[in-house]
Amino acid sequence: MNNNDYMRIDGNENGKRLDPRRLEEKIQKAVRDGARKLEIVASGQQGIGGRLWAAGEEPVYLRVNGSVGQRVGSMGFSNTTIEVEGPASDDVGWLNVGAKIIIHGHATNGVANAMGQGKIYIAGDVGARAMTMTKHNPRFTEPEVWVLGGVGDFFAEFMAGGRAVICGYASAYENVLGYRPCVGMVGGKVFFRGNHRGYSTNDAILTTVGDDDWKWLSQELVEFLNAIRKPDLLATLTIRSDWQVLRARKPFEKLAANRRSVKAFASDVWNKELGEGGVLGGLSTIKVDRSQITLLPTGDLRRYLPLWKNEEKLAPCQNACPTGIPVQKRWSLVRRGMMDKAIDLALCYSPLPATVCGYLCPNLCMSSCTRTMASLAAVDVRLLGKASISAIAPQPAPPTGRNVAVLGGGVAGMSAAWQLYLAGYNATIYEEREELGGKVSATIPQSRIPEEVIHAELARVKERIKVVRMTLDQNCFARLCEKNDFIIIAVGAQKPRILAVEGAEKALNANNFLRQSKRNETGVGDKVVIIGAGNVGCDVASEAHRLGAKEITLIDIQEPSSFGIERKYAEAIGANFLWPRISKKISDRGVECTDGSFLPADTVIFAIGDTPELGFLPAEIKTNRGFIAVDENFRTSLNQVFAIGDAVRLGLLTEAIGAGRVAVQAIDSEVRGTITKKLQPVNKERIRMEYYPPGDSGMGDMNGNACACFSCGMCRDCGVCVAICPQGAITREETPDDDFTYKVNENACIGCGFCASACPCGIWQLEENANIL
């Protein structure tokens, strides 16, 4: 074929090796876009050429150069031809269902494992355990493996169908069939030419090649030799007397074998040597029932029990989300056509799902998405977040009659008050400022989030929860403690930290600057220096740019801790990040650093964090370095009082929301006498990524993202377990709440574990039967 006909895809990009999933994604995209001849320059990637069914019945041809990894042509489709210009690694043609695979060199272990259809041509030797567990569906053509040289040990192990042709030409092996071929063979034939060192006589019979088989073999040899570019060997390899064939014994032929029964073994061997008449006979006084049990035990005799543990483990996304939103459950609802439920569910966990999840969150859930393990794009939860602006709030639980005061109307306080409202408590927010929202409404730049989104979500909170304006002092706090069953402190951190350097009074602090800039009440000049390069510093940089600054520099004593969208905004406007830089003096002209450098500035802004104002606290409540000390449930040293958010430690908005939910759960558990179960994360290794398309196409909307979600730890209702169970022991049942469950018939289940091994989502778990004797 003309080289100009081929589309080239390189396994390296910008000097770096592509991840196998990324290379497969490129190949899949090329095929979807209409390419039918591709040249792949491999760099050790696995699975090249598999699953190319996007082309339908149109033939696809792959020519592969370079270093080829394992599983070339795995799950190859009948439209695909793969030609490797050199040797190949393990498992060539694994689970092949029709592809023609040509290897111009040797292939290592596992060639054609579990192959069901197609042809594999090897122009050299192959390693151990080739053509194991191959099968033949009579509706389709038999799988074929052709080897010019010889094969390694345990060839055709448990072979259930297909044909293998071992030519024995110029092989490095002394015997063309390795040690113990055909063990467990129940179907198919192995044609070979040359010496062998024995085979499993219990499973196979050695015969000469019959007329029909010879006609087939001599004709197909022509195609094989042409494919591996060695047509001149035809005369050498078509001497009929050189060939023999191993075929599987038929069932009735195996019955003639002399086998000892279990009963005979018990009486003739066990009892004589170890049992009643043997060395242990005098030690046993208990008569044990040693009657034969069925070969495949069910019920209480199963060694292992499959358990459907749906939603009993946290998905990595939910585990990473401080708010605890079950992202995978929302995507599941979208897949099932329940878009409204998916959107509304967020309000069970946060009063600000659109504001935070849609715009302001750094999306730790997406960073932890299992898809990223295969270098795939994470499902985009921001789409669900932005859609939550139209979410309908759930109905609250019946009233408990308990009163709770929430001190502070920022994100943490609103989260706690919202959770109290949902749980049936009389919650009141006490806030000093006119507007709720704390830093979200007061300091977050308008470039980060539309104002109407914030206003809509704040209005939803104010419609349901009482808000009282109050300036806190110790007397007010004491009165609130008397009037309420519990107190939740969420006053935030409003007191700016200032560096103890000469001229510090000439600098602005970040929070005041951001408040003024949001109201367009300040200016900055052409040059701005920001001391502190965290996320708040990046917000300051973005606002300074909006106000007209032309040169913006952020300095820090260490590598900046900023990340996410804040860092991206700052970098996009051309802000400079310098570290390590230690400020020595601030003057009207700029900032002098201890290393002797000078940074000219019209405006200098501190962005090195804030501390809470805690003058209202009684002495009984302990503090730690200026923050309130709490336990794991955010309870303070005063049993009635909890503290959350920046008053406890500076953190993300999602951490503040999550802290509010945890504190309310602790209060509710105490009031109701219940225990909140803490779930562990699902092991990512249990998620079977092989079931999912390798690319990121189709993820532009919510339905596309829902389909791309691996549904870790939550049943996707795919039915794979039902289909794969050899005993038909698993059934799907509808439940009254418009949901479903999967159940195991213990009288049919044999505890084989196929369901647990095959489950794409890691739901089925195989556990040892603790009741077995």
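Counting its secondary structure elements, the protein contains 22 helices and 34 strands. Computed over its C-alpha atoms, the radius of gyration of the protein comes to 35 Å, more than 25% above the 28 Å expected for a compact globule of 773 residues. For the protein, long-range pairs separated by at least 24 residues make up 63% of all intrachain contacts whose partners lie at least 6 apart in sequence. Computing the positive centroid from 89 side-chain charges and the negative centroid from 87, the protein places the two 2 Å apart.

Right, let's talk about the pattern of salt bridges for a bit. For the structure on display, the rule yields 46 salt bridges. A salt bridge links Arg229 to Glu85, with the nearest nitrogen and oxygen atoms 2.8 Å apart. Of this pair, Arg229 sits in the loop between helix H2 (211-227) and helix H3 (234-237) while Glu85 is found in the loop between strand S6 (80-84) and strand S7 (97-103), placing the two residues 144 residues apart along the sequence. Using a relative accessible area of 48% as the deciding quantity, one classes Arg229 as partly exposed. The class for Glu85 is partly exposed, based on a relative accessible area of 27%. One salt bridge in this structure joins Lys506 and Asp588, with 3.3 Å as the shortest N-O distance. Within this pair, whereas Lys506 is found in the loop between strand S19 (495-496) and strand S20 (508-509), its partner Asp588 is found in the loop between strand S24 (583-586) and strand S25 (590-593), the two being separated by 82 residues in sequence. Judged by its relative accessible area of 43%, Lys506 is partly exposed. Given a relative accessible area of 65%, Asp588 falls into the exposed group. Connected through shared salt-bridge partners, Lys100, Lys119, Glu220 and Glu223 make up one network.

The next thing to look at is the environment of Val604. Here Val604 is to be found in strand S27 (residues 603-606). With a relative accessible area of 5%, Val604 lands in the buried category. Once residues within four sequence positions are removed from consideration, Val604 is found in contact with Ala507, Leu508, Val529, Ile531, Ile586 and Val591.

Attention shifts here to the nonpolar core. Among the nonpolar cores identified, the biggest contains 96 residues, and Trp331, Leu420, Ile488, Ile644, Tyr742 and Trp764 are the most heavily contacted of them. Beyond its immediate chain neighbours, meaning those up to four positions away, Leu420 contacts Val404, Val406, Tyr425, Ala427, Ile488 and Val664. Counting 51 residues, the second largest nonpolar core, distinct from the first, contains Ile40, Ile103, Val111 and Leu177.

Below, the discussion takes up the sheet that holds strand S16 (residues 426-431). Pairing in this open sheet of five strands is parallel, and the strands run S17-S16-S15-S18-S31 from one edge to the other. For this open sheet the edge positions go to strand S17 (466-469) and strand S31 (641-643), each flanked by a neighbour on one side alone. Each adjacent strand pair in this sheet contributes to an overall mean axis angle of 20°, direction not counted.

Here the domain parsing of the protein yields domain 1 (3-253), domain 2 (403-493 + 612-672) and domain 3 (499-608). For domain 2 and domain 3, the distance between their C-alpha centres works out to 30 Å. Facing 15 residues of domain 2, the contacting portion of domain 3 comprises ten residues. Contact with domain 3 buries area across many residues of domain 2, yet Thr443, Pro445 and Arg448 alone supply 45% of it, more than any other trio. On the surface where domain 2 and domain 3 come into contact, there are three salt bridges. A salt bridge links Asp539 to Arg448, with the nearest nitrogen and oxygen atoms 2.8 Å apart.

Further remarks concern the pairing of strand S10 (residues 160-166). Of all seven residues making up S10, six are buried, and the element is well covered by its neighbours. With four bridges joining them, strand S9 (residues 144-147) and S10 adopt parallel strand pairing. Paired with Val145 across the bridge in S10 is Ala164. Where S10 lies against strand S11 (residues 187-193), five bridges are found, and the strand directions are parallel. Counted as the bridge partner of Val165 is Phe191 from S11.

Structurally, the α-helix is built with 3.6 residues per turn, so residues lying three or four positions apart point the same way. Helix H9 (residues 353-360) sits mainly inside the fold: seven of its eight residues count as buried. For H9, the secondary structure elements touched by its buried residues are helix H11 (381-387), helix H13 (439-442), helix H14 (451-464), helix H18 (564-572) and helix H19 (653-672).

What follows covers the packing of helix H17 (residues 535-546) against H18. Packing of H17 against H18 leaves a shortest axis separation of 8 Å and a crossing angle of 40°. What the angle tells us is that H17 and H18 run oblique. Note that H17 runs across H18; the crossing there is left-handed. Contacts between H17 and H18 involve Asn535, Cys538, Asp539, Ala541 and Ser542 from the first element and Glu566, Arg567, Tyr569 and Ala570 from the second. Its residues assigned to classes, the contact of H17 with H18 shows four nonpolar, two polar and three charged.

Enumeration over the complete set of coordinates arrives at 15 aromatic pairs. When the ring of Tyr6 is compared with that of Tyr61, the centres are 6.1 Å apart and the planes differ by 65°; the resulting orientation is edge-to-face. Separated by 55 residues along the polypeptide, Tyr6 in the segment before strand S1 (7-10) and Tyr61 in strand S5 (residues 60-67) bring together distant segments of the chain. Classification of Tyr61 as buried rests on a relative accessible area of 14%. Taken together through their ring pairs, the aromatic side chains of Tyr121, Trp146, Phe191, Trp216 and Phe224 make up a single cluster.

What counts and how
Residues numbered from 1 in each chain as written. Predicted model: local features only at pLDDT ≥ 70, side-chain atom pairs only at ≥ 80, totals over all residues. Heavy atoms only, no water. Helix = DSSP H or I, 4+ residues; strand = E, 2+ residues; numbered from the N terminus. Rg over C-alpha atoms; globule rule 2.2 N^0.38 Å. Contact = heavy atoms within 4.5 Å. Lys, Arg positive; Asp, Glu negative; His and termini not counted. Charge placed at Lys NZ, Arg CZ, Asp CG, Glu CD. Salt bridge = Lys/Arg side-chain N within 4 Å of Asp/Glu carboxyl O. Buried < 20%, exposed > 50% of the residue type's maximum accessible area, 1.4 Å probe, protein only. Core = buried A, V, L, I, M, F, W, Y, C linked by side-chain atoms within 4.5 Å. Pairing = 2+ DSSP bridges. Axes fitted to C-alpha atoms, helices over the stretch in contact; angles between N-to-C directions. Domains from an automatic or database assignment. Buried area = accessible area lost by both parts, 1.4 Å probe. Parallel < 35°, antiparallel > 145°, perpendicular 65-115°, else oblique. Left-handed = near helix turned anticlockwise from the far one by under 90°. Nonpolar A, V, L, I, M, F, W, Y, C, P; charged D, E, K, R; others polar. Phe/Tyr/Trp six-rings, centres within 6.5 Å; stacked < 30°, edge-to-face > 60°.

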